[in-house]
Amino acid sequence: MELVETYRDTTNSVRDLYIANISLEMNDTMRTLTIFASILLPLTLVASIYGMNGLDLNSLAKIPFGFIAVLISMAVIMSAMIYLFKKKKWIIFRGNKALPKHN
């Protein structure tokens, strides 16, 4: 009977370890999704506000200055957020991949 209780405790410990490992992997995935969502959210806001005014697609040869300014501001926002995340070491660039920091 004592041997059965020992096996039960061992099995419960292994199961708890497995659940903790799965939880840690899910935290890494959620961190990655949060970082990318945080980068894309301001860009979506700027594009949606600028999109309310509309852009004449019939005369693309005459690109308005506002369109270029919005593109530049979106690039600056995206670069600043990537720099901020990289500085805080929330994103680590490994080769061609941007990965979250592993604890």
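Described below are features of the structure shown in this document.

Rules used throughout
- Residues numbered from 1 in each chain as written.
- Predicted model: local features only at pLDDT ≥ 70, side-chain atom pairs only at ≥ 80, totals over all residues.
- Heavy atoms only, no water.
- Helix = DSSP H or I, 4+ residues; strand = E, 2+ residues; numbered from the N terminus.
- Buried < 20%, exposed > 50% of the residue type's maximum accessible area, 1.4 Å probe, protein only.
- Contact = heavy atoms within 4.5 Å.
- Salt bridge = Lys/Arg side-chain N within 4 Å of Asp/Glu carboxyl O.
- Patch = residues over 30% accessible without salt bridge, like charges linked within 9 Å, V, L, I, M, F, W, Y side chains within 5 Å.
- Areas by Shrake-Rupley, 256 points an atom, 1.4 Å probe, with all protein chains shown as cover.
- Axes fitted to C-alpha atoms, helices over the stretch in contact; angles between N-to-C directions.
- Parallel < 35°, antiparallel > 145°, perpendicular 65-115°, else oblique.
- Left-handed = near helix turned anticlockwise from the far one by under 90°.
- Nonpolar A, V, L, I, M, F, W, Y, C, P; charged D, E, K, R; others polar.

**What to know about the environment of Ile35**
By the secondary structure assignment, Ile35 is in helix H1 (residues 2–51). Taking relative accessible area as the criterion, Ile35 reaches 6% and is therefore assigned buried. The sequence separation of Ile35 and Ile91 amounts to 56 residues, and the corresponding C-alpha distance is 8.2 Å. Those residues in contact with Ile35 that sit more than four places away from it in its chain are Phe85, Trp90 and Ile91.

**A short note on the pattern of salt bridges**
Here the structure, examined in full by the defined rule, presents one salt bridge. Residues Arg31 and Asp28 are paired through a salt bridge, measuring 3.2 Å at the closest nitrogen-oxygen approach. Placement of the pair is Arg31 and Asp28 together in helix H1, with a separation of three residues, close to one helical turn. Of the residues examined, Arg31 reaches a relative accessible area of 26% and is grouped as partly exposed.

**Section: a nonpolar patch on the surface**
There is a patch of nonpolar side chains on the surface, built from Tyr18, Ile19, Ile22, Met26, Met30 and Leu33 and spanning about 630 Å² of accessible area. With a relative accessible area of 52%, Leu33 lands in the exposed category.

**A closer look at the packing of H1 against helix H2 (residues 65–87)**
Packing of H1 against H2 leaves a shortest axis separation of 10 Å and a crossing angle of 165°. With respect to H2, the axis of H1 lies roughly antiparallel. Viewed along their axes, H1 and H2 form a crossing whose handedness is right-handed. Counted together, Ile35, Ser38, Ile39, Pro42, Leu43, Val46, Ala47 and Tyr50 of H1 and Gly66, Phe67, Val70, Ser73, Met74, Ile77, Met78, Met81, Ile82 and Phe85 of H2 form the full contact between these two elements. For the contact of H1 with H2, a count of residues per class yields 15 nonpolar, three polar and no charged.

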